[in-house]
Amino acid sequence: QNTALPFVFIVGNHSSGKSSFINYLLQRPVQTAGVAPTDDNFTVICPGPTDTDRDGPALIGDPDMGFRNLRQFGPTLIHHTQLKIRKDVGVQ
């Protein structure tokens, strides 16, 4: 099953403004921003009823999210993936 959510993939060097851009776009602090590298994960951000964080195995193991095919890339990728469900996010 594929997810129906639209996706935007943002990549760049550390301290290049990715987290600040995401926080600005979503109009709330979702990603930690700083001068030094703050994390080394792929983060999926999606809207939901409450703020919840889930680790990579929970994200990839959830059949409703549509990421099951990432299992083929092994545990290193799975453990460097996270899900952030946030209420009141959405781009108008």
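The structure displayed is predicted, hence computed values, not measured ones. Position numbers for residues count from 1 along each chain, tracking the sequence in the order it is written. Residue-level local features of this predicted model are given only where pLDDT is at least 70; pairs of side-chain atoms are given and counted only at 80 or more, and the full residue set underlies all totals for whole chains, interfaces and linings. Hydrogens and water are ignored here; the side-chain numbers use all heavy atoms of the structure.

### Here's the deal with helix α1 (residues 18-26)
Helical geometry: 3.6 residues make up each α-helical turn, so side chains three or four residues apart lie on a common side.
Reasoning step 1: Only protein chains enter the accessibility calculation, which uses a 1.4 Å probe; a residue whose area is less than 20% of its type maximum is buried, one above 50% is exposed, and one in between is partly exposed. Secondary structure follows DSSP: runs of H or I at least 4 residues long count as helices, runs of E at least 2 residues long count as strands, and numbering of each begins at the N terminus. All of the buried residues along α1 are Ser 19, Ile 22, Asn 23 and Leu 26. Looking straight down α1, one finds that the buried residues subtend no more than 95 degrees of arc, so they occupy a single side.
Reasoning step 2: Contacts: residue pairs with any heavy atoms within 4.5 Å of one another. Packed against the buried residues of α1 are β1 (42-47). As used here, the arc belongs to the directions running from the helix axis to the C-beta atoms.

### Details of the side chain of Gln 31
Reasoning step 1: Among the structural elements, Gln 31 can be located in the loop between α1 and β1.
Reasoning step 2: Two N or O atoms count as a polar contact when they lie within 3.5 Å, although within protein this holds only if one can serve as hydrogen donor and the other as acceptor, and sequence-adjacent residues are included solely when both atoms are side-chain atoms. Of note is the side chain of Gln 31, whose polar atom sits 2.8 Å from the side chain of Lys 84.
Reasoning step 3: Beyond its immediate stretch of four places on either side in the chain, Gln 31 contacts Ser 19, Ile 22, Asn 23, Asp 39, Thr 43, Ile 45 and Lys 84.

### Comments concerning the confidence of the model for the chain
Reasoning step 1: The score called pLDDT rates the predictor's confidence residue by residue, from a low of 0 to a high of 100. Mean pLDDT over the chain stands at 87; residues scoring 70 or higher make up 91%.
Reasoning step 2: The secondary-structure element of the chain with the lowest mean pLDDT is β1, recorded at 90, while strand β2 (residues 52-55) shows the highest, at 96.

### A closer look at the pattern of salt bridges
Reasoning step 1: We define a salt bridge as a contact between a side-chain nitrogen of Lys or Arg and a carboxyl oxygen of Asp or Glu at a distance within 4 Å. Here the structure, examined in full by the defined rule, presents three salt bridges.
Reasoning step 2: Close ionic contact of Arg 54 with Asp 62 constitutes a salt bridge, the shortest N to O distance being 3.2 Å.
Reasoning step 3: Judged by relative accessible area, Arg 54 falls into the partly exposed class, the value being 27%.
Reasoning step 4: Residue classification places Asp 62 among the buried residues on the basis of a relative accessible area of 16%.

### Examining the nonpolar core
Reasoning step 1: Val 44, Cys 46, Leu 59, Ile 60, Met 65, Phe 67, Ile 78, Leu 83 and Ile 85 form the largest nonpolar core, which has nine residues in total.
Reasoning step 2: Counting residues per element, the ones that place at least two in this core are β1, α2 (56-61) and β3 (81-86). By nonpolar core we mean a set of buried residues, namely Ala, Val, Leu, Ile, Met, Phe, Trp, Tyr and Cys, connected to one another through side-chain atoms within 4.5 Å.

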